[in-house]
Every structure is written in C-alpha cells, then in structure tokens.
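# Summary of structural features
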Amino acid sequence: MLTDLQLAFRQLFKARGFTVIAALTLAVGIGASTAMFSALRALVVQPFNYPDSHEIVHVWSGDGWPLSPMDFKDLREQNTSFETFGAYHPGSVNVGLNNAQAVPAVRGTHEVLRAFGVQPALGRLFTANDDVKGAPPVVIISHNLWQQTFGGDPDLIGNIIRVNGSDMTLVGIMPADFEFSGPWVRTVTVQAWQPYAMEDLNDRGSHWLNGVARLKNGVTVGAAHAEIQTLGKRFSELYPDSNTRKEFLVRSLREEMTRDLGEEVWLLFGAVSLVLLVACANVASMLLARSAQRQGEFSVRVALGATRGQLIRLALTESMVLAVIGAIGGGFVALLGVEVLQAIAPTSDARKAAMVIDFPTLGFACIATLITALLAGLPPALSAARTSLAGVIRNDARGSVGSRSRHLMLRSLIIAQITIAFVLANGAALFSASYFRILEENSKLSTDRVLTARLNLLGDRFSENEDRVQFWQNLERELVKLPGVTAVGLTSKLPLEGGSNTNALVNDEVYDPTQRRIQVERSSVNEGYFEAMGLRLVRGRNLSAADDMGEDGHLGVVVNQTFVERAWPDTNPIGQIFRANQPEDPWYTATVVGVVESNRQWGTTQPVQAEMFTTPPGHWGNTVHINLRSDQSAEFLTPMLREVVRELDRELALENIRTFEEVVRDGTVGERALAGLVNFFMATALGLVAVGLYGTLSYHVAQRTREIGVRMAIGAVAGDIQRMVFRQGLTWVAIGVVLGIGGTFAVSRLLTSIVYGMEGLTATPLALATAAVGLAAVIAIWLPARRAARLDPIEALRID
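The following paragraphs examine the structure supplied in this document. (Residues numbered from 1 in each chain as written. Predicted model: local features only at pLDDT ≥ 70, side-chain atom pairs only at ≥ 80, totals over all residues. Heavy atoms only, no water.)

### Topic: the sheet that holds strand β20 (residues 623–630)
If you walk across this open sheet you meet the 4 strands as β12-β20-β11-β21, and the pairing is antiparallel. This sheet does not close on itself; its edge strands, each paired only once, are β12 (485–491) and β21 (654–659). Recorded for the sheet is a direction-independent mean angle of 15° between the axes of neighbouring strands. Note: strand β11 (residues 450–456) against β20, 7 bridges, orientation antiparallel. (Pairing = 2+ DSSP bridges. Helix = DSSP H or I, 4+ residues; strand = E, 2+ residues; numbered from the N terminus. Axes fitted to C-alpha atoms, helices over the stretch in contact; angles between N-to-C directions.)

Following this line, the structure appears as structure tokens:
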C-alpha cells in the first residue's frame, strides 16, 4: 500500500496541471456539500440543544391556530400528559431610561421557560407568584442583552432596570447558548421575558396564545395529541358557541420548527449532492482519459505479474490521494460556504451561529471524501483491470484491450454530467421565475418612497386607550411637519407581516357555530394611511371621525376589493352592513363607506384576504406602525423620525426602520436565498460539465488524430472536421438533455410543493435549461473542434 501511495504521489506530481484541475473540481464539490451539511444539521437534523428536546411540544387550536386564554386554562388544568404547560405571546420591549432600545421579547406564564428545561446562568426562573395580577414586576434577560446593555455586571441580579418606562426587578439571566425557539420567533433572537397574568382573561373566541409544553416521562407525542383531542371534543360540547369546530392538536417542537424549512434545506442538500456527483464524474472522466496514456505501463505491470486486484488498488489509491487533496481545499470552500449561508439564511442568529464546521461535519467531509474517491476512481480502476498482455505484444496502447469499454465509460460519464446539469438548470429557471413572479405580484408595495417603523407604547403610562390615542395624535401632528413628507399613515398592522382577524356575518347571515363564515383581516388606520401606502380608493370615501365606533358598537369601515368580491360580487358594497360572528350582542356592526385596492397581508406568497379598515379611536393597541411617504427616497427621513419620537418620549424606541422596498425584500428572503443557491449550484455544475466535455472531446480528438489526417488527405476541409467534432459532442448533449427532461419530470412533484406558482412543468424553464446547457456545451466543444480543424494532415499521418 505504501508503494502505491508513493507511486500515486509521484504520478500526480508529474502531471501537476491535471492534479490542480482535478483537485479544485473535487474541492468545490466536497466543500459545497460539507457547508450544506452544516446548515442541514443546524436547521433540520439537530436544531436544538435543550435537555430531552424530544419532550417539548406545541399545542394548537386547529392546524396552526393559536389558543384562546380560556381554552389554555382548561387544557392546563385537565390534561395528564404534560409535566409543565405554558402560553406566551411574542412582541418587544423598550429597555433603558434615555435613548431606549427595542428588543424582541416574550410575555407568558411562568411555565413557558420551564418547558425548555434550561436553568438561568444567574438568578432564577419565574414562579407561579410572578404571573398573578398585582405581583411585583420582574424580568429575565438574555446573556447577550446582559453583556451589551449592562456590561455583564455580575451584581445586576435583584436590581431594578427600566423596561417599558417602568421599574422592574431583574430576577434571571439566561445562558449564553440558550435559544428561545418557537414558530412565532423563527427569525428573531428573543432577548427578554416577562410574566403574564391571565386570571382576568375569560375569552374563548380570541386566539393569540402560543402553547408550549414538556411531556411527562414516558408520554409520547401521539398519546398527548390523542388526549388533547379528547379534551377538545369535551369543550365543544360544553361551549358550543365558541368551540363547536375546534380540534386541538399537539406537535413536537422539532416538527414545528422544521416542517416548513426542512423541505427547502433538503432540496438544497440534494442539489449540492448533484454538484458533487458531477464533480466525481468529471474527475473520473479525466482519470479515465489519462489512464489511456498509461496502458503501456499497466501492460508491463501485467507482464511482470501484477494481478487485476493490484491494478485496481493502484488506480483507487491515486483517486484517494486526489480526493484527500481536494478535501483539504474543500475545507476552505466549506468555511466560505458557511459564511455565505449564515448571511442569507432566513433564520435566527442562534441557528446561524450553529452552522459551524465541527467534528460531526468533519466526519461527513471524511465520508464524502471516501465516497468521492470511490466514485471518481472506480471507472479508471475497472479500465485498468481489463489490461492484458496483448498490449505488450502489440506495443500499442491505443489498441489495447479495454479501449472500446473506456470510450463507452467516457461517453456515459459525460452524458450523466449533462443530465444532472440539465435538472439543476431547469430547477434554477423555475426558482428564478418564481422569485421574480413574487416580486411582480408585490410590486405595488415595493417602493423606496415609503419609510416604515414600528413603535410600542408599553408600560403603565400607556395602559389606558385615551393615553395611547393622545400620543398617536401628537405623533401624527409632528410627523406631517417633516420636510419631504407627503403623507403620514399609522396602522395597527403592516402589510405582508400578518396581524389580527375576525369572522363576519354578511348578507343577513345568522350566527351558526357549525358554519364557517368569512374571515376578515382587521386594521385600524388613520385618514392618511391609504395615501401613504399608495392604495387607491376604488369606491366611496375615505375614513373620517364620523366613522368612529359609537357606544352601540356601530362604526363606518373601508373594505378591500377582495372583501367585496367574496361578500357582494354583484352588488354595490357602499352602505352594506356586516357584523361580528357572535350569537348575540356583536362587538361591532359595520357599515361600508369605501373600497380600496387589495394587498397581501400574511406574506408575499399567501392569498389576499378580505380586510376591513377602521378609525383609530377605541382600536389602537400598544403597537402601531408608522408609514411616511416622501417625494424622494425616504431613507433620509430616518434621523428626523427618531428625533420626533425622542422629543415626545425618550423611553420609547423605534424598531424595524425600513423602506417598503426592504419590507418586500425581507418578505422574499427565503425565496431569494433558495433561487440564488440553486442558480449557483447550476452554474457550478455547468462549468464542470463544460470542463468535462472539453476534456473528453480533446481526448477523442487525440485518439482520432490519424483518422482526421486521412480525412483531410483525401479532401476533407476544416469545416468538415469541425462539424464532425461538433456532431459527436452535440450527440452526447442531446442524449443528456433527453435524459434530463425525464429526470426533471421525476422531481417535478417535489418541486410543486416548494416552488411558488409552479403548476407542473412548462416549456419556458425547459427551454431555458436547454439553452443554458447548450451554451456551455458549444463553448466546450468549440475549442477541441477548432484544434482538430487546424491539424496538419502530414503531421497527423506521421503519428504511429
């Protein structure tokens, strides 16, 4: 074995150009696949480091619907499956006295943090005494917030810190590696936790709580799910007005956090694996072509007594050395790839930090290197094993046994590369087209003329609605004075980023708990909102003070076109009345006074929902989004907006300050990352295919040098020779494309669930994939064809 290694190193050192190209090819394949494996582990395979993380579950009211306060209370009291069961709602808090900063936060019952099974690094967790009404205000913060804001003061526990304009006692600091994971905080890093008193909440119709629990020892997710469903059926009998159609469910935290992202990450891992296969086939082609030049050497070894096993071992040793060299280079590619994935992955900072080159990832790299060595070395090894003494007798390596099989292997390898590249090229076309389609469908919102920011009025001084309304009115009055501002829009929720909704009774419908009624998104906005957002008033008029909700619950509303299409498609909507879907005393009765254009509410790819817009008084919550339209790029308004808020209240902090162009871009970050990576893998595969096709055709031209010389001697011109080489190369490409179309159809069902707007395979992406592969092939074929056409027939005929 040592002798084989020495010979392999000597042979590769002699062919340094070949070695560099082959090693770089393998480095790209091994490095890219290793980086994607790191992302796969961090996001899908091992996404948590909690103790017994398989015991953590989420409880829902229906498929993805949050819990109501009373449903949560009853489930907590009556279940026997959970060791601990809490409920929370995410948001943010303002930390600090002057120049406060807004940080992501969670308010929930004392059981929430206990469900994760992680003890604080300093201090304690919340207790049952902390989340009761009238309890002293306390807070727990993250290790990062402790370090960055409070300088890592070890004596901070038990001291008062300023949160939401109120004094709170800091009772705990979570460990540095603790990550609060949940479906509502996928892309943010929670920095603070507050207890939440729920004893006064007796509502079953309002759903806004995320339930998280830890299973008792020995209880499975399936058993907990069955019990929760049984309890849900009992509640539907006890509370028919609110719970008739509710079906509670339990899902593991791992399933909850990976079920949407997992498909995409596995898809990317599959794509990069295809690139690795192309790299292996590429190097195998080079090794196979190179082995033709060593047939004389192999024949001599056979003559001296070498067995087939020894020849195979020698060839595999050379490919193993190449793979190891490639793996070393692949380490640097993997480090760069991880940095890229961390920058573009639509996930939290903690998940990005978990993408590292650690021992398990290095183990994968070693396995990938071994598999690469086998895949790249097997074809030349099999070719070497077919060497016979006939080559020695004829002293003609070109005519030795195995040349025909070698040519067949070469053709098969290059066709396989083209097939894989075509599948990737079609995928790249589909994902790119999908991404641009999403941008086009949301182009009405995408503009740099609108600046948006979120502001939270939290704390005791804003506990009353009158105080909040007064602040928003003062803020609006100051914002309209800013230079360059043409419209000021205030809203309770931002387009594309979700919000709140209600069910409505329209067209004389009566309450019936067994019937599903129209779901309506609800937004409270000021009069300038529609102008600020560029939403055109289609019918009727804008909102005014006359539309404020009266004591009897009546109010005037503006609805979107989607609401009109679903409720009154053939009727003038102005003056139509609808009310809350309640058995009696509906909390609102609305009269339509205007209709505006529709826009998406729950993401850039989700269907547009019916929506109603109401006036602010009586409806302002603690969070309002500020939208400023400018007559130029609105980014210049940022410092002025900060100054206005600072002048009104120095303990308030703006967050998520962006133009709406950035809002749309943030809403498409997942699709953009997916399309970008697939395009990169496609380009890499096409580059490798071009190199492989060039090398294989060059080898074939060299093998047919005498034939080409004869053809030219009897009258063939340069164009004839070029066409012959092009015909050979394009035949392989055509076969690869046909097989690639078959492969594309095979994976189309998987892509349908991932690619937005895909409705089966269409001609355009197939044509684009064909064009991409064809262009790479033509470039690769042209050089050997040109070289063949320039052969001197006299010199060619002299070759023996």
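From this point, things continue past the structure.
### A look at unusual backbone geometry
The backbone of Asn164 shows a phi angle near 55°, a positive value even though the residue is not glycine. Topologically, Asn164 is positioned in the loop between β6 (160–163) and β7 (166–173). The backbone of Asn656 shows a phi angle near 55°, a positive value even though the residue is not glycine. Turning to its location among the elements, Asn656 is positioned in strand β21. Overall, Asn656 belongs to the partly exposed group, its relative accessible area being 37%. (Buried < 20%, exposed > 50% of the residue type's maximum accessible area, 1.4 Å probe, protein only.)

### Description of the pairing of strand β17 (residues 577–580)
Two elements, strand β13 (residues 500–506) and β17, share 3 bridges in a ladder whose sense is antiparallel. Counted as the bridge partner of Val506 is Phe578 from β17. Pairing between β17 and strand β18 (residues 589–596): 3 bridges, direction antiparallel. Its bridge partner lying in β18, Arg579 is registered against Thr589.

### A short note on the packing of aromatic side chains
Two aromatic rings, taken as a pair, are described by how far apart their centres are and by the angle between their planes. For the structure shown, the criterion picks out 29 aromatic pairs. The ring centre of Tyr239 lies 3.5 Å from the NZ or CZ of Arg204, which sits over that ring. (Phe/Tyr/Trp six-rings, centres within 6.5 Å; stacked < 30°, edge-to-face > 60°. Lys NZ or Arg CZ within 6 Å of the ring centre and 35° of its normal.)

### Quick word on the pattern of salt bridges
This model, assessed by the stated rule, comprises 26 salt bridges. A salt bridge links Arg600 to Glu441; its shortest N-O distance comes to 2.9 Å. You can see Arg600 sitting in the loop between β18 and β19 (610–614) and its partner Glu441 sitting in helix α15 (residues 403–441), a full 159 residues away along the chain. For Glu441, a relative accessible area of 32% puts it in the partly exposed group. Shared partners join several salt bridges into a network, and the residues in it are Asp71, Asp74, Arg204 and Lys246. (Salt bridge = Lys/Arg side-chain N within 4 Å of Asp/Glu carboxyl O.)

### Side note on the packing of helix α23 (residues 718–752) against helix α24 (residues 763–789)
Remark: α23 packs on α24, axes separated minimally by 9 Å, with the N-to-C direction vectors making an angle of 155°. As judged from the angle between their axes, α23 and α24 are roughly antiparallel. Here α23 runs over α24; the crossing is right-handed. Between α23 and α24, the residues in contact are Ala718, Ile721, Gln722, Val725, Phe726, Gly729, Leu730, Val733, Val737 and Thr744 and Leu766, Thr770, Val773, Ala777, Val778, Ile781, Trp782, Pro784, Ala785, Arg786, Ala788 and Ala789, respectively. (Parallel < 35°, antiparallel > 145°, perpendicular 65-115°, else oblique. Left-handed = near helix turned anticlockwise from the far one by under 90°. Contact = heavy atoms within 4.5 Å.)

### A look at the pairing of β20
When you tally the buried positions in β20, you get 6 out of 8 residues, the bulk of the element. The pairing of β12 with β20 spans 6 bridges and is antiparallel. In the sheet register, Thr491 faces β20, and the bridge partner there is His625.

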